[in-house]
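# Structural description and commentary
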Amino acid sequence: MLSKLDGQVLHFLNGDIQKPPHLNSHADRIIFNVSGKRFETTFECLNGFPDTLLGTEEERKQFYDPVRDEYFLNRNQVAFDSVLYYYQAEGQIYRPANIPEKVFSREIEFYRLFPSKPPETIATSSIRENGFWKRFQLLLWLFLEKPQSSSGARIWASLNIIIILISVCNLISESMPVYRHNPPAERIFFSIDACCVSYFTIDILLRLGSSPSKKKFLKEVLNWFDLLAVLPFYVELLLGENSGTDGMMALRVLRLFRITRVLKLIRHSQQMMLMLLVLRNCFSELGILFCTWLMGALVFGTIMHYIEVDADSGFDSVLYACWWAAVTMTTVGYGDMTPQTNIGKAFGSMILFISMIYIALPMTLIVSKFNTALEDWKQQERTQIYYKKRAIEENQSINPDDSEQGLEAASFVKQAADED
């Protein structure tokens, strides 16, 4: 072993230190020593990503240690698990729970775990070749849907939020008793509502016209909420006030949908959009949660009914007892029904303790999906920041908003291609 080490030191003194181990031997495996912890993988796995730090021999050789026949990296050991997973999972990144976000971002940036040229460059060029309408449609789509694309888009988004808040305040104010049956106040409220609805209508029509995929636009739940927010106003104009008792009841029901204007604020918050995405992907988990809650209410309610049936405590039927069990399991406890017997009180206390565990178990599945979606969203943010930094480094005169528009242009082209 000493002779082998002496031979490697002799090669080191002679200057033969840049030869990678896979050229000195026929082994296909490569060893990384990350701050004292050794990792092993294959050259084939690394060479699939030539744009990264460890993906090419020219980049790797600066870390090669010929004495130990390995690559030494004085970096974070925990983060390197994710680095190797990036190569093994064909470009997917995950952040371990025990490493801070700031530390992980620095490691990802050091290893350059991003493609050297985003596909948005090709996407933007294809937009330019498709005529004036496509270019105008792209600019209008960025203006309406991507507030971060330009200063004008930010102003439009801020105006949208202000109009929504004015509309909600107007809806609340006109419901106050002091303004009911007050013709001057009703005319003012109607004028404000008409202006807000006109703005919302123009916004919907522009977003529909600029959307690269009309099918995807119609499938979006938030777009249907936008339609419900303005539909009661136009129906009320068509029916008028002299529509009979049935017509007035229908108008009252339609007026309820005006509160959906609050939901328009969701599209202006990325965190709220993330929560909506998680809920959309958690239908099965929500179904499990509902089934566990329903089964618990039926079982506990039935038992409580037979315990309290003779105590004149309000548990007159299984249905009433199930209502009590439902509000008890969710720790609401209205107090309208309470057990009177000692056995009932003991059983109620047991239900309260069991339900905290019984309902919490399905919630862990939803929380896990939310954490995964949040990590994906943060990874997209890191990718966009990386692209903007590279664009500025390559051309110091470039506007940072231009690289942002280039990233969004790919999404526009992809949706347009799916529509075709």
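What counts and what doesn't
Residues numbered from 1 in each chain as written. Predicted model: local features only at pLDDT ≥ 70, side-chain atom pairs only at ≥ 80, totals over all residues. Heavy atoms only, no water. Helix = DSSP H or I, 4+ residues; strand = E, 2+ residues; numbered from the N terminus. Buried < 20%, exposed > 50% of the residue type's maximum accessible area, 1.4 Å probe, protein only. Contact = heavy atoms within 4.5 Å. Areas by Shrake-Rupley, 256 points an atom, 1.4 Å probe, with all protein chains shown as cover. Core = buried A, V, L, I, M, F, W, Y, C linked by side-chain atoms within 4.5 Å. Axes fitted to C-alpha atoms, helices over the stretch in contact; angles between N-to-C directions. Left-handed = near helix turned anticlockwise from the far one by under 90°. Pairing = 2+ DSSP bridges.

All right, on to the overall build of the protein then. In terms of helices and strands, the protein carries 18 helices and 4 strands. A burial count over the protein gives 35% of its 420 residues as buried. In the protein, the proportion of contacts linking residues at least 24 apart, taken out of those at least 6 apart, comes to 65%. Summed over its atoms, the accessible surface of the protein is roughly 25200 Å², and 63% of this surface lies on carbon and sulfur atoms.

Attention now moves to the nonpolar core. One finds Phe32, Leu54, Leu73, Phe80, Tyr87, Tyr111 and Leu113 to be the most contacted residues of the largest nonpolar core, which totals 26 residues. A per-element tally of this core places helix α5 (residues 77-88) first, with 6 residues. Every residue in contact with Tyr87, bar those within four places of it in the chain, is listed here: Cys45, Leu46, Phe49, Thr52, Leu53, Leu54, Gly55 and Leu113.

So, about the packing of helix α9 (residues 151-173) against helix α10 (residues 183-210). Two elements in contact, α9 and α10, have axes whose closest approach is 10 Å; the angle formed by their N-to-C orientations is 145 degrees. The element α9 and its partner α10 pack so that their crossing is left-handed. Of the residues in α10, those in contact with Trp156, Leu159, Asn160, Ile163, Ile164, Ile166, Ser167, Asn170 and Ser173 of α9 are Phe189, Ile192, Asp193, Cys196, Tyr199, Phe200 and Asp203.

With that settled, consider the pairing of strand β4 (residues 70-73). In terms of strand pairing, strand β1 (residues 29-34) meets β4 through 3 bridges, oriented parallel. Among the inter-strand pairings, Phe32 is bridged to a residue of β4, identified as Tyr71. With 2 bridges connecting them, strand β3 (residues 64-65) and β4 associate as antiparallel partners. Along β4, the bridge assignment pairs Tyr64 with Tyr71. The hairpin formed by β3 and β4 contains 4 residues between the paired strands, and Asp69 there has a positive phi angle of roughly 60 degrees.

What follows concerns the sheet that holds strand β2 (residues 37-42). One open sheet accounts for 4 strands, arranged β2-β1-β4-β3; its pairing is mixed. A single partner strand is all that each edge strand has here, and the edge strands are β2 and β3. Taken strand by strand, α5 contacts β1, β2 and β4, and its axis lies near 5 degrees from that of β2.

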